Amino acid sequence: MYRKFTKPTVVISKCLEFDSCRYNGLKISFDPLDLMMPHIDFIPVCPEIEIGLGTPRDPIRIVQKKNLTLVQPSTNKKLTFSMNQFANSFLNNLETVDGFILKAKSPSCGIKDAKYYFKQDKEQSAGKGPGLFTKKVIKVFPGLAIEDEGRLRNFHIREHFFTKLFALSSFRDTKKTKKISSLIKYHANNKFLMMAYNEKTMRKLGKIIASYNKSNLTKVFRAYEKNLQLVFEKPYRRKTNVNVLMHVMGFFSKLLTQKEKKFILHLFKQYSDRRVPLSALIQVIRSWITRYQNSYLENQTYFEPYPFELMDISNSGKGNL
Ligand code: SF4
């Protein structure tokens, strides 16, 4: 039961392994990239190079006045207009994109932790927030998979990112068919995955499909896409995963021995207590799906939300199982 995946397209900060374009002429090492390369199409971009700053260059910073302004203190260059202009043009001309991997802490690419200053030439901090390029990314593509390379080192965040990314790229393929039958199939195959994430919105998606008539296909796809992004807005919770897995157990209730049932229930408890990762439970259940040849469960993306090779890079850090 190995899925065929639609390759997602991800915009990535160019200094993450692609080019030595940082202000100091260096690039950042980002180990997971090698494993991601065969499974993801990347579009590398360096917004600071694109607005004409060379490498190496003097640092730039965000000054919080009435609005955020981007400046290069050493040259007194004001860069807000050119950065906004580049971001708008770049983002609006992207034909395909499912997600973004951006460099943490950068005044251009940071997602949550770019430093803001009260003054151009003083060190007093005015807090933190997104960099100027990323601010536009979030505005234009609020529902896509967006993460920074620092957060992606966390097991749970990385798993959520990949799950959302591959669910969205698969939907993109479904949308291309312009067929309601493809959308129905997509919804059916993603049922357990969406249940684990957000059951309420999953049911709303079912109602959107049910509202289809021959004249509103585009509207149905549009509404479905918008709400699908909401399903994956927040990571799944341990409790909802256990609910989904208990539900799946129902398919095997007459097939398993008492010992097998006891074993899996013990594993559920271990998972709830953060002693084993979800993948341990999934592998046991996958073995039963294969053994009992349950084609309905075989098609559920829940059991393989993204390529197995990407699961291999998961290292269970403290508290992240
Ligand atoms: S963080 Fe963004 S702007 Fe800065 S060097 Fe990397 S890609 Fe360029």
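Bear in mind the structure is a predicted one, so any value in this text is a computation, not a measurement.

1. Focus on the overall build of the protein
Here is step 1 of the chain: A count of helical and extended segments in the protein gives 13 helices and nine strands.
Here is step 2 of the chain: A principal-axis box enclosing the C-alpha atoms of the protein has dimensions of 75 × 50 × 35 Å.
Here is step 3 of the chain: The proportion of buried residues among the 321 residues of the protein is 32%.
Here is step 4 of the chain: Within the protein, contacts between residues separated by at least 24 positions form 66% of all contacts whose residues are at least 6 apart in sequence.

2. Focus on the nonpolar core
Here is step 1 of the chain: Counting residues in hydrophobic clusters, the biggest one holds 65 residues, and the most contacted among them are M83, F100, A196 and Y197.
Here is step 2 of the chain: Considering every element that reaches this core, the biggest residue donor is helix α7 (residues 191-210), with eight residues.
Here is step 3 of the chain: Looking at which domains feed residues into this core, each of domain 1 (9-153) and domain 2 (154-321) gives three or more.
Here is step 4 of the chain: Not counting residues up to four positions away in its chain, the partners in contact with A196 are Y236, T240, N241, V244 and Y302.

3. So, the site of the ligand
Here is step 1 of the chain: Close contacts around the ligand come from S13, K14, C15, C21, R22, C46, P47, E48, K103, S106, S108 and C109, and that covers them all.
Here is step 2 of the chain: Classifying every residue of the shell around the ligand gives five nonpolar, three polar and four charged.

4. Regarding the sheet that holds strand β9 (residues 145-148)
Here is step 1 of the chain: Pairing in this open sheet of four strands is parallel, and the strands run β2-β1-β6-β9 from one edge to the other. Every interior strand has two partners, whereas the edge strands, β2 (41-45) and β9, have only one. Averaged over all adjacent pairs, the angle separating strand axes in this sheet is 20 degrees, with direction ignored.
Here is step 2 of the chain: Examined bridge by bridge, strand β6 (residues 99-102) and β9 share four bridges and lie parallel to one another. Bridge assignment links I101 to a residue of β9, and that residue is E147.

5. A closer look at the domain arrangement of the protein
Here is step 1 of the chain: In terms of domain boundaries, the protein breaks down into domain 1 (9-153) and domain 2 (154-321).
Here is step 2 of the chain: For domain 1 versus domain 2, the distance between C-alpha centres works out to 32 Å.
Here is step 3 of the chain: Those elements giving two or more residues to the side of domain 1 that touches domain 2 turn out to be α1 (32-36) and β9.
Here is step 4 of the chain: No other element matches the three residues that α1 contributes to the side of domain 1 that touches domain 2.
Here is step 5 of the chain: Residue classes in the side of domain 1 that touches domain 2 are distributed as six nonpolar, three polar and four charged.

6. Quick word on the pairing of strand β3 (residues 61-64)
Here is step 1 of the chain: Where β3 meets strand β4 (residues 68-72), four bridges bridge the pair, whose relative direction is antiparallel. Bridging from a neighbouring strand, V63 pairs with T69 of β4.
Here is step 2 of the chain: The loop that links β3 with its antiparallel partner β4 comprises three residues.
Here is step 3 of the chain: Note: β3 against strand β7 (residues 114-117), two bridges, orientation parallel. Across the sheet, I62 pairs through a bridge with Y116, a residue of β7.

7. Some remarks on the pairing of strand β1 (residues 9-13)
Here is step 1 of the chain: By the criterion of burial, β1 is predominantly enclosed, with four of the five residues buried.
Here is step 2 of the chain: With five bridges connecting them, β1 and β2 associate as parallel partners. Across the sheet, the residue bridging to S13 is V45, located in β2.

How each quantity is defined
Residues numbered from 1 in each chain as written. Predicted model: local features only at pLDDT ≥ 70, side-chain atom pairs only at ≥ 80, totals over all residues. Helix = DSSP H or I, 4+ residues; strand = E, 2+ residues; numbered from the N terminus. Buried ≥ 20, exposed ≤ 12 C-beta atoms within 10 Å, placed from the backbone. Contact = placed C-beta atoms within 7 Å. Core = buried A, V, L, I, M, F, W, Y, C linked by C-beta atoms within 7 Å. Domains from an automatic or database assignment. Near = placed C-beta within 6 Å. Nonpolar A, V, L, I, M, F, W, Y, C, P; charged D, E, K, R; others polar. Pairing = 2+ DSSP bridges. Axes fitted to C-alpha atoms, helices over the stretch in contact; angles between N-to-C directions.

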